[in-house]
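# Structural characterization, general
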Amino acid sequence: MPEIEFLQIFQGLATLLAAEPVIALARVALICLGIAFVYLGVKGTLEPLIMIPMGFGMSSVNAGVLALSATKTGTLFLDPIASDPAQLMDALQINFLQPIYTFSFSNGLIAVLIFFGIGVLSDIGYMLISPMRCMIIAIFAELGTVLTFPIAVALGLPLNEAAAIAMVGSADAPMVLYTSLLLARDLFVPITIVAYLYLSLAYAGYPYLVRLMVPKRLRGLVMETKSIPNISKGEKITFAVITSTLLSFLFPVASPLFMGFFLGIIIRESGVKPFIEFIGGPVLYGATFFLGLLLGVLFEASTILDPKVILLLILGITALLLSGIGGIIGGYVVYWMSGKTFNPVIGIAGVSCLPTTAKVAQKEARAANKFAIILPWAMGASVSGVITSAIIAGIYVSLLR
Amino acid sequence: MKRVLGERRNYWIAGTAIAFLGAALVRLISPEIEGTLGWVTLGGGHFLVIAGLVIIVFGTRRRPEDAFRPAGET
């Protein structure tokens, strides 16, 4: 009877033991981290829509390393660096996630699909009820996106990578993905993962920032809801068409994002139910699922061993923190401008993590005073935040690509 | 036009015209001009686009007594 080689049966284990100690440790750490993400996603501490597929992808890809040849190890998930046509054709026929990666991820399609979905879920009327205030807040909420850029450059990152990580301050993960694909292709995986990880934490962390910066008396400020105007469909559609066209003229490189977002808005306002249900359901959730899964699968041990990842983690949290602070400062500015009738908590909603930050704002206001209704203005600030983030992305990409 | 954009359609028309003029300055004219004037044209174009959008949003304003009244109804 031939001798049974257990390590040949469990090739994932064999490649783990044969790898360099640092890589082996990193793989074990990522498997544990992936399982932790799944657990925290299921529990609801982190965003389940992203964290469950991402965590599971991360643990699976780091466990499923096998010997591809006598000298080479790899996985059957995907090959992110295959670019030569012959090499790519091989990869497309071998790796099961390669077609989705090549045809939807590396060209930014998945980010645009998510923007379609966000557009369909966004009511631009919330922004048009108080456009100037919303835009002021949204501009202040870009503090992290703007200030992190020089900080990153001072810490030694090249301009394109500094801009890509600064976009985490926009709190808009598809935007971060799109920008980093264009500006820092080598770092887009860690940058996007940092973005999604922190955005999941933002829901838990921003309430503390709000409580720290806004006293309870102001958090519970009741706003006048009787004078909310009714914006017609025609106005919303016209505004979306004009704004999208203008922004595309100014920043052609970001026009796929503008088109995705504003087309979503127009479809929503046009009332074509089959389109609304299709884009807001299967397209949005399908794209979100595959985005999470692909990000997890891309997060192999070799990725986190890049020393830049630690720097990206620090810069990412700095960007989000600065944007949160900037948003609340914007809320205070509008509070003073409006004769102290505007609830400054709405400022946090300018950080365009739609609709999470708007929900955080409403929740905090309601916790301070159960009669405080600020959601319409908070949603408006969030929608404005998406637009200003896309503009900043357009400026960075236009100048630095 | 009046039915879609309501009473304040002039804001929409003026805002759109100014914003597109700004876009033309940025994309068509400023690349042809060198030096300081080119930068001024570029900055001015961006300013006009923003100003145009601001004018457009004034077209969506309502008086408090019109709140909740269907848009376009006078």
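Source: prediction; values computed, not measured.

As a further point, take empty space enclosed by the protein. Residues and elements named next belong to chain A. Summed over the entire model, instances satisfying the criterion amount to 1 cavity of 30 Å³ or more. Taken as a whole, the largest cavity encloses approximately 30 Å³ of empty space. Lining the largest cavity, in full, are Phe-115, Phe-258, Phe-261, Phe-262, Val-386, Ile-387 and Ala-390. Looking at side-chain class alone, the lining of the largest cavity contains 7 nonpolar, no polar and no charged residues.

Here we take up helix H21 (residues 375–400) of chain A. An ideal rise of 1.5 Å per residue puts 38 Å on 26 residues; H21(A) measures up with 37 Å between its terminal C-alpha atoms. Among the 26 residues of H21(A), 20 are classified as buried, and the element is accordingly described as predominantly covered.

Residues and elements named next belong to chain A. As a packed pair, helix H4 (residues 48–63) and helix H13 (residues 188–213) sit with axes 10 Å apart at the nearest point and diverge in direction by 135°. Judged by the angle between their axes, H4 and H13 are oblique. As for how H4 packs across H13, the hand of that crossing is left-handed. Contacts between H4 and H13 involve Ile-50, Met-51 and Met-54 on the former and, on the latter, Ile-193, Tyr-196, Leu-197 and Ser-200. For the contact of H4 with H13, the residue count by class is 6 nonpolar, 1 polar and no charged.

Attention now moves to the layout of surface pockets. Residue and element names in this part refer to chain A. Estimates place the volume of the largest pocket at around 1,200 Å³. Taken together, 43 residues make up the lining of the largest pocket; nearest its centre are Leu-78, Asp-79, Pro-80, Ile-81 and Glu-300. The set of elements that each furnish at least two residues to the lining of the largest pocket consists of helix H2 (11–18), helix H3 (21–43), H4, strand S2 (73–74), helix H5 (85–94), helix H6 (98–105), H13 and helix H18 (301–304). Classifying every residue of the lining of the largest pocket by side-chain character gives 21 nonpolar, 13 polar and 9 charged. Residues lining the lining of the largest pocket come from more than one domain, with at least three contributed by each of domain 1 (6–103) and domain 2 (109–400). When its volume is computed, the second largest pocket comes out at roughly 800 Å³. Lining the second largest pocket are 30 residues, with Glu-47, Leu-49, Leu-354, Pro-355 and Thr-356 sitting closest to its centre.

We now examine the nonpolar core. Residues and elements named next belong to chain A. Among the nonpolar cores identified, the biggest contains 136 residues, and Phe-105, Phe-261, Phe-262 and Leu-291 are the most heavily contacted of them. Among the elements that line this core, the one with the most residues is H13, at 14 residues. Taken domain by domain, this core gets at least three of its residues from each of domain 1 (6–103) and domain 2 (109–400). Discounting chain neighbours no more than four positions away, the residues touching Phe-261 are Phe-115, Ile-118, Gly-119, Ser-122, Val-383, Val-386 and Ile-387.

Our focus in this paragraph is the environment of A:Phe290. Residues and elements named next belong to chain A. As for its position among the elements, Phe-290 is in helix H17 (residues 273–298). A relative accessible area of 30% means that Phe-290 is categorised as partly exposed. Sequence-wise, Phe-290 and Arg-219 are 71 residues apart; in three dimensions their C-alpha atoms are separated by 38 Å. Non-local contacts of Phe-290, meaning those with residues more than four positions away in its chain, are made with Ile-100 and Ile-110.

A separate point is the domain arrangement of chain A. All names here are of chain A. What the domain assignment reports for chain A is domain 1 (6–103) and domain 2 (109–400). On a C-alpha basis, the centroid separation for the pair domain 1 and domain 2 is 30 Å. Carbon and sulfur atoms make up 85% of the area that domain 1 and domain 2 hide from each other, which totals about 2,200 Å². Across the contact surface, domain 1 and domain 2 share 0 salt bridges. Taken together, domain 1 and domain 2 are joined by 1 residue pair in polar contact (both at pLDDT 80 or more). Put simply, the parts of the chain that give the side of domain 1 that touches domain 2 at least two residues each are H3, H4 and H6. Tallying contributions element by element places H4 first for the side of domain 1 that touches domain 2, with 9 residues. Counted by class, the side of domain 1 that touches domain 2 contains 20 nonpolar, 4 polar and 2 charged residues.

The rules we used
Residues numbered from 1 in each chain as written. Chains lettered and ligands numbered in written order. Predicted model: local features only at pLDDT ≥ 70, side-chain atom pairs only at ≥ 80, totals over all residues. Heavy atoms only, no water. 1 Å grid on protein atoms, 1.4 Å probe; cavity = no way out; pocket = protein on both sides within 12 Å on 5 of 7 lines; lining within 4 Å. Points joined across faces, edges and corners; volume = space filled by probe spheres on them. Nonpolar A, V, L, I, M, F, W, Y, C, P; charged D, E, K, R; others polar. Helix = DSSP H or I, 4+ residues; strand = E, 2+ residues; numbered from the N terminus. Expected span 1.5 Å × (residues − 1). Buried < 20%, exposed > 50% of the residue type's maximum accessible area, 1.4 Å probe, protein only. Axes fitted to C-alpha atoms, helices over the stretch in contact; angles between N-to-C directions. Parallel < 35°, antiparallel > 145°, perpendicular 65-115°, else oblique. Left-handed = near helix turned anticlockwise from the far one by under 90°. Contact = heavy atoms within 4.5 Å. Domains from an automatic or database assignment. Core = buried A, V, L, I, M, F, W, Y, C linked by side-chain atoms within 4.5 Å. Buried area = accessible area lost by both parts, 1.4 Å probe. Salt bridge = Lys/Arg side-chain N within 4 Å of Asp/Glu carboxyl O. Polar contact = N/O pair within 3.5 Å; in protein donor to acceptor, adjacent residues only side chain to side chain.

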